[in-house]
Amino acid sequence: MALALGLGSLFNHSDSPNVSFSIDADTDSIRYTTSRAVLPDEELCIFYGDNLWFDPVDMKSIQNPTFETWQLVEGDPDEIIPEDKLPFVRIKTTPDDPEEEELFTIQTVEAWVVDVPDQRQIATMLRWLRTSGLEDSSVSHLKRIRKNQSSNISTLLLCLTSNSADPPALPNDMELPAPYVVRVPKLVALTQASLKLKSSLWPTNYAPKRKGEFEGWSRGKVRWAWEAMKTVLREATSIKRNGEHPIVAYVPEPYDEAIKEATQMQKAILAHDTRRTTSHPLRHATLNAIRAVADYRAATGDEETVPPLDNDSPSSNLTGVKEPEERRNGSHYLLTSLTVFLSHEPCIMCSMALLHSRVKEIIYITPMKKTGGCGSIACIPKLEGVNHRYGISRWKDGEGGISMEGLEVDEGEDA
């Protein structure tokens, strides 16, 4: 405990303070720090706490959220809700493929290839390719080797001509013929018909569209999402009173018991933005949540990669997805099969962190038109060459009483 003396006793209370404070036990003092930019002549205020003995003048600015009964979540929990009745809008993250509409106008690009007459040289060339600097995501939708059954000669894909205008230099000791240019498909094959046509040019990976655009949501799962969003809203209200950005990330226990058992997520993770109090530019809510999941997995001894549970996730059968043996050699995937609920659309940095963590899907409330990385200034999981795609949904403002009114952040803020 500490009692502020001198000027420290003169701070008034505010539900959205511009000053935070901490007790320094070593010097028997209280340290006051501005938590945001302060305008000229603006009063400096601190947050006294939730149990006030008076009515603050700005109490109406931040009120505890209240929720009434919601008709949508009442009824049979197993009933599938029609897409247009869901409380959120799902954003398509599969890249548009115009050629799928007219299969005879397949988009192609030029690429450097080289013939490899001796099959025993293939493995050596593949190892060389990994260290040559030629391997990148621009050809991840294509297979590296094309076999000519009649001549028993294999052709190795080196790189696109857009990445190297001149023929790539080959290993001197391999005595291979000179590289030459061929046209290859620009995009992955999404249908069997497209696969057949594209593979006639160059062997292409197959990433079929699911029969339905999106997997169905039951009434019970919608209730689960609603409860998660209410948690997000309550936390955003609470942390704004403490002077933080009201930006929240929440990873609830999975709705599906099979996913809960497979992921070993027996605990909900709630995190918020702490950039103001820590004076650290990377303490975004999403990054704090991912770190908390990592700490939880480390504490429970569950540090192994969690395998995907079904073929309906947006990342299934995508180009660039590694085989199981290779995947085990990679970093741990912290959010596989999990859903993250967010108060705001994540910035580009956080959107990429979600991709690397192999999150199944995110649902956010407020779009960030100037900084958002999941549909506003960019859509990270929709970029060509990424080896994972996660679902993105935006909660409809006001649905189920979920609204960020009064909890806005600057539109230029990275969330």
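Residues numbered from 1 in each chain as written. Predicted model: local features only at pLDDT ≥ 70, side-chain atom pairs only at ≥ 80, totals over all residues. Heavy atoms only, no water.

Peer 1: What am I meant to see in the packing of aromatic side chains here?
Peer 2: If you walk through the whole model with that rule in mind, you get nine aromatic pairs. Ring geometry for Phe88 and Trp395: centres 6.1 Å apart, planes at 45 degrees, overall tilted. Residue Phe88 is found in strand β6 (residues 88-91), and its partner Trp395 is found in strand β16 (residues 391-395); the two are separated by 307 residues along the sequence. What makes Phe88 buried here is its relative accessible area of 2%. Site record: aromatic cluster; members linked through ring pairs are Trp70, Phe88, Trp217, Trp224, Trp226, Tyr255, Phe341 and Trp395. It is Lys221 that lies over the ring of Trp217; its NZ or CZ is 4.4 Å from the centre. (Phe/Tyr/Trp six-rings, centres within 6.5 Å; stacked < 30°, edge-to-face > 60°. Helix = DSSP H or I, 4+ residues; strand = E, 2+ residues; numbered from the N terminus. Buried < 20%, exposed > 50% of the residue type's maximum accessible area, 1.4 Å probe, protein only. Lys NZ or Arg CZ within 6 Å of the ring centre and 35° of its normal.)

Peer 1: Teacher, can you tell me more about the pattern of salt bridges here?
Peer 2: Under the counting rule described, the total for this entry stands at eleven salt bridges. Note that Arg36 is salt-bridged to Glu42, the shortest N-O span being 2.8 Å. Since its relative accessible area comes to 30%, Arg36 is described here as partly exposed. Among the residues examined, Glu42 registers a relative accessible area of 25% and is labelled partly exposed. Notably, a salt bridge pairs Glu83 with Arg90, separated by 2.7 Å at the nearest N-O pair. The exposure class of Glu83 is partly exposed, given its relative accessible area of 39%. Residue Arg90 is classed as buried on the basis of its relative accessible area of 12%. By sharing partners, the salt bridges in this structure join Glu74, Arg223, Glu227 and Lys230 into a single network. (Salt bridge = Lys/Arg side-chain N within 4 Å of Asp/Glu carboxyl O.)

Peer 1: Help me understand unusual backbone geometry, please; the structure alone is not making it clear to me.
Peer 2: Of all residues except glycine, most have a negative phi; of all peptide bonds, most are trans. Even without being a glycine, Asp28 presents a positive backbone phi close to 50 degrees. On the secondary structure map, Asp28 appears in the loop between β2 (19-24) and β3 (29-34). Within the chain, Asp41 stands out as a residue other than glycine whose phi angle is a positive 70 degrees. Take Asp41: it is sitting in the loop between β3 and β4 (45-46). For Asp41, a relative accessible area of 84% puts it in the exposed group.

Peer 1: Where do I start with the sheet that holds strand β10 (residues 180-185) in this structure?
Peer 2: In a beta sheet, neighbouring strands pair by backbone hydrogen bonds and run either parallel or antiparallel. Here four strands make up an open sheet; going across it, the order is β8-β9-β7-β10 and the pairing antiparallel. Of all strands in the sheet, those bounded by a partner on one side alone are β8 (145-148) and β10. For this sheet the average axis-to-axis angle between neighbouring strands, irrespective of direction, equals 40 degrees. Summarising the sheet, β8 and strand β9 (residues 153-160) pair through four bridges and their orientation is antiparallel. (Pairing = 2+ DSSP bridges. Axes fitted to C-alpha atoms, helices over the stretch in contact; angles between N-to-C directions.)

Peer 1: Could you clarify how one ought to interpret helix α3 (residues 219-241) in this entry?
Peer 2: Each turn of an α-helix holds 3.6 residues, which means side chains three or four residues apart point in the same direction. Counted at 1.5 Å a residue, the expected span for α3 with its 23 residues is 33 Å, and the 34 Å between its end C-alpha atoms agrees. Of the residues flanking the end of α3, it is Gly243, one or two places downstream, whose phi is positive at about 90 degrees. (Expected span 1.5 Å × (residues − 1).)

Peer 1: Explanation requested: the pairing of β2 in the structure shown.
Peer 2: Working note: regular strand, side chains alternate between the two faces of the sheet. In terms of strand pairing, β2 meets β3 through six bridges, oriented antiparallel. Each residue of the ladder has a partner; that of Ser22, found in β3, is Arg31. Count of turn residues in the β2/β3 antiparallel hairpin: four residues, of which Asp28 carries a positive phi of about 50 degrees.

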